[in-house]
Amino acid sequence: MGGLLELLVNALNVRNATMALAAVAAVATVLTLAMPLLAGDSLDKRMKAVAFEREKIRQRERERMARGEKVTLRSSPKQYVQTVVDRFNLSKWVGQEEARLKLMQAGYRGQAPYITFLFFRLISPVAMLAASAFYIFLVLKLDQPTTVKLGICIAATYLGMHLPLLFLKNRIARRQLTIKRAFPDALDLLLICVESGMSIEAAFKKVADQVGTQSVALAEELTLTTAELSFLPERRQAYDNLAKRTDLDSVKAICVALQQAERYGTPLANTLRVLAQESRDMRMAEAEKKAAALPPKLTVPMILFFLPVLFVVILGPAAIKVMHLH
């Protein structure tokens, strides 16, 4: 009788467990199918939020104009930053025309980012010198000669001099990566717009609206180029500015093609088609290059981490048996 009850209990447990797992699977399936319907369009919400913010900005600027305040489209630096730069005449001592170009490539436009850059060119070495001296002489208390400690402080100061440039280079690299990934799709859209009969300004504007979900940086550059094509006396200058701001070979190639089409009247659609295919091939080649470089990069981690564990799992039981035999 006891054995029969035990079998019945086990059967009920198996049945209940099966029913519970089936219910969980059914609920998970329903949630998986229903989540896309319940998620909504996040892009539409973002666009509505941007439109609402734009209307707020317009209303604020109208009120400022009604009060007679000066309205400017460029951001101004902080007052103390401007004061420091003017007092030490940093534009003469540490100013660089290359820095202006780097700032544009990083997405910082106008005079305010340049003034801020000059300010940090002055502050970064002083901050690194003070921090390194405080840490080495007061906190760490190295058992080294004073010349070694001073050498470390000087090295930290030298690093502080280049920190703003390193920040800009990192920012430019990330921005160029987003543009490079979205540029083949942008070329395809540009080709479709040109073949449909749009002007190059309308095509740029349309592509900028569509490519913003993939690369905000590329959308900004195309929008700025559209504006420059409208008000610059020479359209060639707008293409040159686009090439300088992006500093990418693929963008430079399309800018040269557009300049030739403007100057000699060559068909643009065939050129765009060839450049789009080349850009896609370059992106695929870069992906294949990264995939080919993966095995050498995994060799050292496998030797250090995977192989010792594998040897322990394989040889461990045999070693335990040998130890018990002895």
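Residues numbered from 1 in each chain as written. Predicted model: local features only at pLDDT ≥ 70, side-chain atom pairs only at ≥ 80, totals over all residues. Heavy atoms only, no water.

Inspection of the secondary structure assignment puts Ala 133 in helix H6 (residues 111–140). Each C-alpha atom, one on Ala 133 and one on Leu 150, is 8.1 Å from the other, the two residues being 17 residues apart in sequence. For Ala 133, the residues in contact, after removing those within four places along its chain, are Leu 138 and Cys 153. (Helix = DSSP H or I, 4+ residues; strand = E, 2+ residues; numbered from the N terminus. Contact = heavy atoms within 4.5 Å.)

As a further point, take the nonpolar core. Ranked by size, the top nonpolar core spans 36 residues in total, and within it Leu 187, Leu 190, Ile 200, Phe 204, Leu 218, Ile 254 and Leu 272 carry the most contacts. Secondary structure elements with two or more residues in this core: helix H7 (146–195), helix H8 (200–211), helix H9 (216–231), helix H10 (235–246), helix H11 (249–264) and helix H12 (268–292). Of the residues forming this core, the biggest block, nine residues, is contributed by H7. Non-local contacts of Ile 200, meaning those with residues more than four positions away in its chain, are made with Leu 190, Leu 229, Arg 235, Tyr 239, Leu 258, Glu 262 and Leu 268. Core analysis: the next-biggest nonpolar cluster, separate from the first, contains eight residues, Ala 99, Phe 117, Leu 118 and Leu 168 among them. (Core = buried A, V, L, I, M, F, W, Y, C linked by side-chain atoms within 4.5 Å. Buried < 20%, exposed > 50% of the residue type's maximum accessible area, 1.4 Å probe, protein only.)

Our focus in this paragraph is the side chain of Ser 215. Tracing the chain through its elements places Ser 215 in the loop between H8 and H9. The class of Ser 215 is buried, set by a relative accessible area of 2%. Looking at Ser 215, its side chain comes within polar contact range of the main-chain nitrogen of Leu 218, at 3.2 Å. With sequence-adjacent residues up to four places away left out, Ser 215 is seen in contact with Thr 178, Ile 179 and Ala 182. (Polar contact = N/O pair within 3.5 Å; in protein donor to acceptor, adjacent residues only side chain to side chain.)

Right, let's talk about the packing of aromatic side chains for a bit. Throughout the structure, instances matching the rule amount to one aromatic pair. Ring geometry for Phe 119 against Phe 120: centres 5.6 Å apart, planes inclined by 80°, an arrangement best described as edge-to-face. You can call Phe 119 buried: its relative accessible area is 11%. (Phe/Tyr/Trp six-rings, centres within 6.5 Å; stacked < 30°, edge-to-face > 60°.)

Positive charge collects at one region of the surface, where Lys 180, Arg 181, Lys 290 and Lys 297 lie side by side. For Lys 290, the position within the fold is in helix H12. (Patch = residues over 30% accessible without salt bridge, like charges linked within 9 Å, V, L, I, M, F, W, Y side chains within 5 Å. Areas by Shrake-Rupley, 256 points an atom, 1.4 Å probe, with all protein chains shown as cover. Salt bridge = Lys/Arg side-chain N within 4 Å of Asp/Glu carboxyl O. Lys, Arg positive; Asp, Glu negative; His and termini not counted. Charge placed at Lys NZ, Arg CZ, Asp CG, Glu CD.)

Residues with a pLDDT of 70 or more make up 74% of the protein chain, whose mean pLDDT is 78. No element of the protein chain has a lower mean pLDDT than helix H4 (residues 90–93), which averages 60, and none a higher one than H10, which averages 90. In the predicted structure, residues 70–74 sits below a pLDDT of 50 and forms five contacts with residues beyond four places in sequence or in another chain. (pLDDT = per-residue confidence, 0-100.)

Before going further, it helps to examine the packing of H10 against H11. In contact at an axis separation of 9 Å, H10 and H11 are set at 175° when each is read in the N-to-C sense. With respect to their mutual orientation, H10 and H11 come out roughly antiparallel. For the pair formed by H10 and H11, the contact residues are Arg 235, Arg 236, Tyr 239, Asp 240, Leu 242, Ala 243 and Thr 246 on the first element and Val 251, Lys 252, Cys 255, Leu 258, Gln 259 and Glu 262 on the second. Residues of the contact of H10 with H11, tallied by class, amount to six nonpolar, two polar and five charged. (Axes fitted to C-alpha atoms, helices over the stretch in contact; angles between N-to-C directions. Parallel < 35°, antiparallel > 145°, perpendicular 65-115°, else oblique. Nonpolar A, V, L, I, M, F, W, Y, C, P; charged D, E, K, R; others polar.)

A word on H12. Under the 1.5 Å per step criterion, the end-to-end length of H12 is 36 Å for 25 residues, consistent within 8% with the ideal 36 Å. At its buried positions, H12 is contacted by H7, H8 and H11. (Expected span 1.5 Å × (residues − 1).)

Between the first and last C-alpha of H6 there are 41 Å, a value that for 30 residues agrees with the 44 Å anticipated at 1.5 Å per step. The sharpest bend along H6 comes to roughly 25°, located at Ile 123, with the proline Pro 125 sitting one to four residues further on. With its phi angle positive at about 55°, Lys 141 sits one or two positions after the end of H6. (Bend = angle between axes of the 7 residues up to and from the residue.)

Right, let's talk about the side chain of Glu 221 for a bit. Relative to the helices and strands, Glu 221 resides in helix H9. With near-sequence residues (within four places) excluded, Glu 221 lies in contact with Arg 109, Arg 175, Leu 242, Arg 245 and Thr 246.

Turning our eyes to something else, we now look at the pattern of salt bridges. Side chains that carry opposite charge are capable of pairing whenever their charged atoms lie near each other. In total, this model carries 14 salt bridges according to the counting rule given. Where Glu 195 meets Arg 273, a salt bridge forms, and the shortest distance between an N and an O atom there is 2.2 Å. Highlighted residues: Glu 195 in helix H7 and Arg 273 in helix H12, separated in sequence by 78 residues. With a shortest N-O distance of 2.4 Å, Arg 245 and Glu 221 are connected by a salt bridge. Within this pair, whereas Arg 245 is found in helix H10, its partner Glu 221 is found in helix H9, the two being separated by 24 residues in sequence. Residue Arg 245 is classed as buried on the basis of its relative accessible area, which comes to 3%. Here the residues in one salt-bridge network are Arg 109, Arg 175, Glu 220, Glu 221, Glu 228 and Arg 245, joined through shared partners.

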